[in-house]
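Residues per chain are reported as follows:
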Amino acid sequence: MRLNRSLSIASGKLSLRSVLVASFVLQITAAVGLTTWLSFRNTQRSANYLANQISQQTTARIEDHLDTYLGTTDWLQSQSQSLIQSGDLNSQEMATLANHFWHQLQAVDHLSSIYFAKPSGEFIGIQRRDDGQRVLWSMTAAEVPERTTYRLSDQGERLGAIATQAQTNPLLGIQGL
């Protein structure tokens with residue numbers, strides 16, 4: 001009996017209007033909170049998905065560029081080696097090698113230089129410089145250890161010496177470029 005009396009006293013203090021307003025406010029607050037949480041979670045998932053997609057696409061493009069770049073140079077090297085082994089390109093004739101390298105450099109835009117060196121120290125190479133100028137590096141048996149750099153015409157012909165440089169061993173790499 002005391003319980004009924006307590007409930008009636010408590011219910012008498014709250015009006016029906018207050019109970020309805022409170023329940024609507026509670027429902028709206030719950031709906032807004034749930035919507036916010038779901039939206040935040042969905043945004044996080046979408047952002048992570050997009051970041052993953054961009055990362056995968058970037059990786060694929062970098063791999064494609066590297067494969068193209070490295071594949072081209074490997075192909076050019078194997079082509080030259082095959083021509084030398086078959087006798088179609090004489091590695092003893094430096095002028096012929098220079099002409100061959102010049103044509104290869106013309107055919108491949110991303111290639112900056114091609115060169116060939118012999119154990120005797122003889123060396124021949126073609127370079128495309130940043131300014132677009134093409135040069136020939138040459139070191140004959142008589143010139144060892146000095147490498148001469150020649151400017152080339154648009155047809156690959158020597159125009160004149162532009163530099164002479166001492167080389168210790170061309171097989172160890174090109175120095176002073």
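Criteria and cut-off values
Residues numbered from 1 in each chain as written. Predicted model: local features only at pLDDT ≥ 70, side-chain atom pairs only at ≥ 80, totals over all residues. Heavy atoms only, no water. Buried < 20%, exposed > 50% of the residue type's maximum accessible area, 1.4 Å probe, protein only. Helix = DSSP H or I, 4+ residues; strand = E, 2+ residues; numbered from the N terminus. Pairing = 2+ DSSP bridges. Core = buried A, V, L, I, M, F, W, Y, C linked by side-chain atoms within 4.5 Å. Contact = heavy atoms within 4.5 Å. Expected span 1.5 Å × (residues − 1). Axes fitted to C-alpha atoms, helices over the stretch in contact; angles between N-to-C directions. Patch = residues over 30% accessible without salt bridge, like charges linked within 9 Å, V, L, I, M, F, W, Y side chains within 5 Å. Areas by Shrake-Rupley, 256 points an atom, 1.4 Å probe, with all protein chains shown as cover. Salt bridge = Lys/Arg side-chain N within 4 Å of Asp/Glu carboxyl O.

A. Region of the structure containing the pairing of strand 3 (residues 134-139). With respect to burial, strand 3 is a largely interior element, five of its six residues being buried. As paired strands, strand 2 (residues 123-128) and strand 3 are joined by six bridges and run antiparallel to one another. Among the inter-strand pairings, Gly 125 is bridged to a residue of strand 3, identified as Trp 137. As judged from the four bridges shared by strand 3 and strand 4 (residues 146-152), these two strands associate in the antiparallel manner.

B. Seen up close, the nonpolar core. Counting residues in each nonpolar core, the largest one holds 16 residues, and the members touching the most others are Leu 97, Phe 101, Leu 111, Ile 124, Ile 126 and Leu 136. Among residues more than four places away in sequence, those in contact with Ile 126 are Ala 98, Phe 101, Trp 102, Leu 105, Ser 112, Ser 113, Ile 114, Val 135, Leu 136, Trp 137 and Leu 152. Core analysis: the second largest hydrophobic core is formed by five residues, Ala 117, Phe 123, Val 135 and Trp 137 among them.

C. A look at helix 2 (residues 16-86). The terminal C-alpha atoms of helix 2, which comprises 71 residues, lie 102 Å apart, in line with the 105 Å expected from a rise of 1.5 Å per residue. For helix 2, the complete set of buried residues consists of Thr 72, Leu 76 and Ser 80. Considering only its buried residues, helix 2 is in contact with helix 3 (94-107). Among the residues trailing helix 2, Gly 87 stands out with phi positive, at a value near 90°.

D. Broad picture of helix 3. Here helix 3 contains 14 residues, and its C-alpha end-to-end distance of 20 Å stays within 8% of the 20 Å for a straight helix at 1.5 Å per residue. The complete set of buried residues in helix 3 reads Met 94, Leu 97, Ala 98, His 100, Phe 101, Trp 102, Gln 104 and Leu 105. Elements that come into contact with the buried residues of helix 3 comprise helix 2, strand 1 (113-117), strand 2, strand 3 and strand 4.

E. Quick look at the side chain of Gln 127. With respect to the helices and strands, Gln 127 occurs in strand 2. Non-local contacts of Gln 127, meaning those with residues more than four positions away in its chain, are made with Leu 105, Ser 112, Ser 113, Gln 133, Arg 134, Val 135 and Trp 137.

F. A look at the pairing of strand 1. Direction of pairing for strand 1 relative to strand 2: antiparallel, over a ladder of five bridges. Each residue of the ladder has a partner; that of Tyr 115, found in strand 2, is Gly 125. The turn joining strand 1 and strand 2, which pair antiparallel and follow one another in sequence, is formed by five residues; a positive phi near 105° is taken by Gly 121.

G. Fine view of the sheet that holds strand 1. Overall, antiparallel pairing links the five strands, which are arranged 1-2-3-4-5 in an open sheet. Lying at the two open borders of the sheet, with one neighbouring strand each, are strand 1 and strand 5 (158-166). Across this sheet, the average inter-strand angle for adjacent strands is 20°, counted without regard to direction. Across the face of the sheet, helix 3 comes into contact with strand 1, strand 2, strand 3 and strand 4 while running at roughly 20° to strand 2.

H. Region of the structure containing a nonpolar patch on the surface. There is a patch of nonpolar side chains on the surface, built from Leu 16, Leu 20, Phe 24, Ile 28 and Val 32 and spanning about 520 Å² of accessible area. Relative to the helices and strands, Ile 28 resides in helix 2.

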